[in-house]
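# Structure assessment
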Amino acid sequence: MSFTIHGIGVSGGIAIGHAQLVSHTQLEVVHYDIAADRVAQETARFDAAVLTARNELASLSEHIPSGAPAEFEAFLNLHRMILDDATLSKVPRNLIEAQRCNAEWALKLQMDALIAQFESIEDSYISERKADVIQVGERVLKALMGQPGQVLAHSAPEENTILVAHDLSPADVILFKGHHFASFITDLGGATSHTAIVARSLNIPSVVALHQARSLIRENEVLIIDGSNGVVILADHLVEPRTNGVLIPGPQAQAMKLGFEKYYLWKARNGHVTLP
């Protein structure tokens, strides 16, 4: 019997492909005190990280692929506005000076405060903008820590690849726009999140709010994505019913895909899956 994960379908259609896991680095922020004569140096370190993040966003904006949806530039502009806002670019400096703490800790304190404010807002669209604050804040944190961003490992041919991520920022999606992935799915996000808006603009089957998909799915595992109904099927044991041949996404699967994808979905949903 196949295993299914349910989330929110944000872009309709069906895709079959191999899972390609997008790395997700958990940023662990530690707190330590700064000597009085080192405070100016610490605020300068924070300013340098903000500048690095600003330059990264500017570079991404300059390299938006031709033909990309207009939403991409709008999302990057929003992230730049968040970064330039005093609540993120100035308040942490004040915390460093007042509490004599390291820049990472000051930024974390301010991010937590901003996230709490967004979570208290009842409007779902505005509340979901906390994801943008997190993404911008984490970009600065990575600059402070010298950590790389998300890394995409090589796997199957792109047209047969389904990206599996904890979350995707607009910047991440822009980096992936030059590729031709079959679908992407994420643990986070909602119907009005930027990930959902981008998915619809790219017109590829996508599901968000899967919660634990990134940790449950294995690299190169065969997946079926039902973007209309928000269903992800871990399909390694699904087989072509007439020949009992294992379903292998790729050129061999294209001929059978249209004829059998709905069959597979129906069988999986009802627990009637033929095992090899």
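Keep in mind the model is a prediction, meaning the values are calculated, not measured. Here the residue numbers are simple positions, counted from 1 along each chain's written sequence. Residue-level local features of this predicted model are given only where pLDDT is at least 70; pairs of side-chain atoms are given and counted only at 80 or more, and the full residue set underlies all totals for whole chains, interfaces and linings. Side-chain measures here rest on the full set of heavy atoms in the structure, leaving out hydrogens and waters.

### A closer look at the overall build of the protein chain
Strands are runs of DSSP state E lasting at least 2 residues, helices are runs of H or I lasting at least 4, and numbering of each runs from the N terminus. Looking only at helices and strands, the protein chain features 11 helices and 10 strands. Here the protein chain, with 276 residues, has 46% of them falling under the buried criterion. Residue contacts are defined here by distance: any two heavy atoms, one from each residue, within 4.5 Å place the two residues in contact. Within the protein chain, contacts between residues at least 6 apart in sequence are counted, and of these 68% link residues at least 24 apart. Every accessible area reported is derived by Shrake-Rupley at a probe size of 1.4 Å, with residue values counting cover from the shown protein chains alone. About 13200 Å² of surface is accessible on the protein chain, with carbon and sulfur atoms providing 54% of the total. Buried residues are those whose accessible area, probed at 1.4 Å on protein chains only, stays under 20% of the maximum for their type, while exposed residues exceed 50% and partly exposed ones sit between those limits.

### Topic: the pattern of salt bridges
We define a salt bridge as a side-chain nitrogen of Lys or Arg found within 4 Å of a carboxyl oxygen belonging to Asp or Glu. A full pass over the atoms with the stated rule returns eight salt bridges. We note a salt bridge from R93 to D47, for which the minimum N-O separation is 2.7 Å. Here the residue R93 occupies a position in helix α4 (residues 91–99), and D47 occupies one in helix α1 (residues 39–62), the gap between them amounting to 46 residues. The partly exposed category is assigned to D47, whose relative accessible area is 32%. Residue D84 is joined to R54 by a salt bridge in which the shortest nitrogen-to-oxygen separation is 2.9 Å.

### Re the sheet that holds strand β3 (residues 14–21)
By this definition, two strands are paired if DSSP reports at least two bridges between them. With mixed pairing, eight strands are arranged side by side in an open sheet as β1-β8-β7-β3-β4-β5-β6-β2. In the strand order of this sheet, the two ends are held by β1 (3–6) and β2 (8–11), each with one partner. Taken pair by pair, the neighbouring strands of this sheet meet at an average axis angle of 30°, ignoring direction. Helix axes use the C-alpha atoms of the stretch in contact, all axes being lines fitted to C-alpha atoms, and the angles between their N-to-C directions lie in the range 0 to 180 degrees. Of the strands in this sheet, β2, β5 (183–186) and β6 (206–208) are in contact with helix α9 (residues 194–202), which crosses β2 at around 45°.

### Brief notes about the nonpolar core
Remark: nonpolar core denotes a set of buried residues (Ala, Val, Leu, Ile, Met, Phe, Trp, Tyr, Cys) joined through side-chain atoms within 4.5 Å. F46, L83, L88, L107, V140, L141 and L144 are the most contacted members of the largest nonpolar core, which totals 27 residues. At the level of elements, α1, α2 (71–84), α4, α5 (103–119) and α7 (130–145) are the ones that each hand at least two residues to this core. Examining the composition of this core, we find that seven residues originate from one element, α1, more than from any other. When neighbours within four sequence positions are excluded, L83 is seen to be in contact with V50, A53, R54, L57, L88, S89, V136 and V140. Ranked by size, the runner-up nonpolar core spans 16 residues in total, among them V164, L210, A213 and L234.

### Concerning unusual backbone geometry
For residues besides glycine, phi is generally negative; the peptide bonds are generally trans as well. Backbone geometry at R100 places phi at a positive 50°, although glycine is not the residue there. Its identity is not glycine, yet A209 carries a phi of approximately 60°, on the positive side. Among the secondary structure elements, A209 is positioned in the loop between β6 and α10 (213–216). Its relative accessible area of 11% is what places A209 among the buried residues.

### Section: the pairing of strand β4 (residues 161–165)
Of all five residues that make up β4, five are buried, and the element is covered over most of its length. Neither face of β4 is left uncovered, since the one carrying T161, L163 and A165 and the one carrying I162 and V164 both have all their residues buried. Pairing between β3 and β4: four bridges, direction parallel. Across the sheet, residue A19 finds its bridge partner in β4, namely I162. By the bridge criterion, four bridges tie β4 to β5 in an arrangement that is parallel. Bridge pairing links I162 to S183 in β5.

### Describing α2
Given a helix with a known number of residues, its expected span is that number minus one, times 1.5 Å. Look at α2: 20 Å from first C-alpha to last across 14 residues, which is about the 20 Å you get at 1.5 Å a residue. Taken residue by residue, α2 has F72, F75, L76, H79, I82 and L83 as its buried positions. Down the axis of α2, the sector holding all buried residues measures 115°, keeping them to one side. It is the directions from the helix axis to the C-beta atoms that the arc portrays.

### Points about the environment of K142
Relative to the elements of secondary structure, K142 occurs in helix α7. The exposure class assigned to K142 is buried, which follows from its relative accessible area of 18%. Along the primary structure K142 and E104 are separated by 38 residues, whereas in three dimensions their C-alpha atoms are 9.4 Å apart.

### Observations concerning the packing of α5 against α7
One can describe the packing of α5 onto α7 by two numbers: an axis separation of 10 Å at closest approach and a directional angle of 175°. Relative to α7, α5 is oriented roughly antiparallel. Side by side, α5 and α7 meet where A103, E104, L107, M111, L114, I115, F118 and E119 of the first sit next to K130, V133, I134, G137, E138, V140, L141, L144 and M145 of the second. Polarity classes work like this: nonpolar for Ala, Val, Leu, Ile, Met, Phe, Trp, Tyr, Cys and Pro, charged for Asp, Glu, Lys and Arg, and polar for all others, with Gly in that last group. Looking at the contact of α5 with α7 residue by residue, the class counts come to 12 nonpolar, one polar and four charged. Every angle not falling under 35 degrees, over 145, or within 65 to 115 is termed oblique; those three ranges are roughly parallel, roughly antiparallel and roughly perpendicular.

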